Amino acid sequence: MKCHRLNEVLELIQPHWSQEPDLSLLQFLQKIAAEAGFDKPIAELSDEVIIYHLKMRGSDKHEPIPGIKKDYEDDFKTALLKARGIIK
């Protein structure tokens, strides 16, 4: 894991983990993995899963993923027209 990712994970995990101080770090990561639907061994849990789940935790299930939201269109026709360069 690169330094900037480690800093991002620490920044994101702190407010969530502090709400459950009785859990160890590994227990908290297992909880995050379960919430994200990750069913592989915890050793295979990637930083991407942790980061995106913590960013989305507590938000509406239908909320666009951060990073994709800038390109998000409610209307499929508008999205197609923008992809073809017909409208901006």
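Just so you know, these numbers come straight off a predicted model, no measurement behind them. (Residues numbered from 1 in each chain as written. Predicted model: local features only at pLDDT ≥ 70, side-chain atom pairs only at ≥ 80, totals over all residues. Heavy atoms only, no water.)

Turning next to the overall build of the chain. Within the chain one finds 4 helices and 0 strands. Taken from N to C terminus, the helices and strands of the chain fall in the order α-α-α-α. Each of the 88 residues in the chain was classed as buried or not, and the buried ones make up 23%. (Helix = DSSP H or I, 4+ residues; strand = E, 2+ residues; numbered from the N terminus. Buried < 20%, exposed > 50% of the residue type's maximum accessible area, 1.4 Å probe, protein only.)

Let us look at the side chain of Glu 20. Inspection of the secondary structure puts Glu 20 in the loop between helix H1 (3-18) and helix H2 (25-35). Classification of Glu 20 as buried rests on a relative accessible area of 17%. Polar side-chain contacts of Glu 20 include one of 3.4 Å to the side chain of Arg 57. Beyond its immediate chain neighbours, meaning those up to four positions away, Glu 20 contacts Phe 28, Lys 31 and Arg 57. (Polar contact = N/O pair within 3.5 Å; in protein donor to acceptor, adjacent residues only side chain to side chain. Contact = heavy atoms within 4.5 Å.)

Turning our eyes to something else, we now look at the packing of aromatic side chains. Where two aromatic rings form a pair, the distance of their centres and the angle of their planes describe that pair. Applying the stated criterion to the full structure yields 1 aromatic pair. Ring centres of Trp 17 and Phe 28 lie 6.4 Å apart, and the angle between their planes is 25 degrees; on these two criteria the pair is classed as stacked. On the criterion of sequence distance, the pair formed by Trp 17 in helix H1 and Phe 28 in helix H2 is long-range, its members being 11 residues apart. A cation over an aromatic ring shows up here: Lys 55 above the ring of Tyr 52, its NZ or CZ 5.6 Å from the ring centre. (Phe/Tyr/Trp six-rings, centres within 6.5 Å; stacked < 30°, edge-to-face > 60°. Lys NZ or Arg CZ within 6 Å of the ring centre and 35° of its normal.)

This next bit is on the packing of H2 against helix H3 (residues 47-56). For the pair H2 and H3, interaxial distance at closest approach is 10 Å and the crossing angle is 75 degrees. By the angle between their axes, H2 is roughly perpendicular relative to H3. Between H2 and H3, the residues in contact are Phe 28, Leu 29, Ile 32 and Glu 35 and Ile 50, His 53 and Leu 54, respectively. Looking at the contact of H2 with H3 residue by residue, the classes come out as 5 nonpolar, 1 polar and 1 charged. (Axes fitted to C-alpha atoms, helices over the stretch in contact; angles between N-to-C directions. Parallel < 35°, antiparallel > 145°, perpendicular 65-115°, else oblique. Nonpolar A, V, L, I, M, F, W, Y, C, P; charged D, E, K, R; others polar.)

On to the pattern of salt bridges. Inspection of every chain in the model, using the stated rule, returns 6 salt bridges. For the salt bridge of Arg 57 with Glu 20, the shortest nitrogen-to-oxygen distance reads 3.4 Å. Here Glu 20 lies in the loop between H1 and H2 and Arg 57 lies in the loop between H3 and helix H4 (76-83), a separation of 37 residues in the sequence. Considered together, Arg 57 and Glu 20 belong to a single accessibility category, that of buried residues. The network of salt bridges with shared partners includes Glu 20, Lys 31, Glu 35 and Arg 57. (Salt bridge = Lys/Arg side-chain N within 4 Å of Asp/Glu carboxyl O.)

Our focus in this paragraph is the confidence of the model for the chain. Per-residue confidence for the chain gives a mean pLDDT of 85; residues scoring 70 or more make up 89%. Model confidence for the chain, summarised as mean pLDDT per element, is weakest for H4 at 80 and strongest for H2 at 94. (pLDDT = per-residue confidence, 0-100.)

Where H1 contacts H2, the two axes come as close as 11 Å, and the packing angle between them is 100 degrees. Comparing their axes, H2 and H1 come out roughly perpendicular. Along its contact with H1, which presents Ile 13, His 16 and Trp 17, the element H2 presents Leu 25, Phe 28 and Leu 29. Class assignment for the residues of the contact of H1 with H2 results in 5 nonpolar, 1 polar and no charged.

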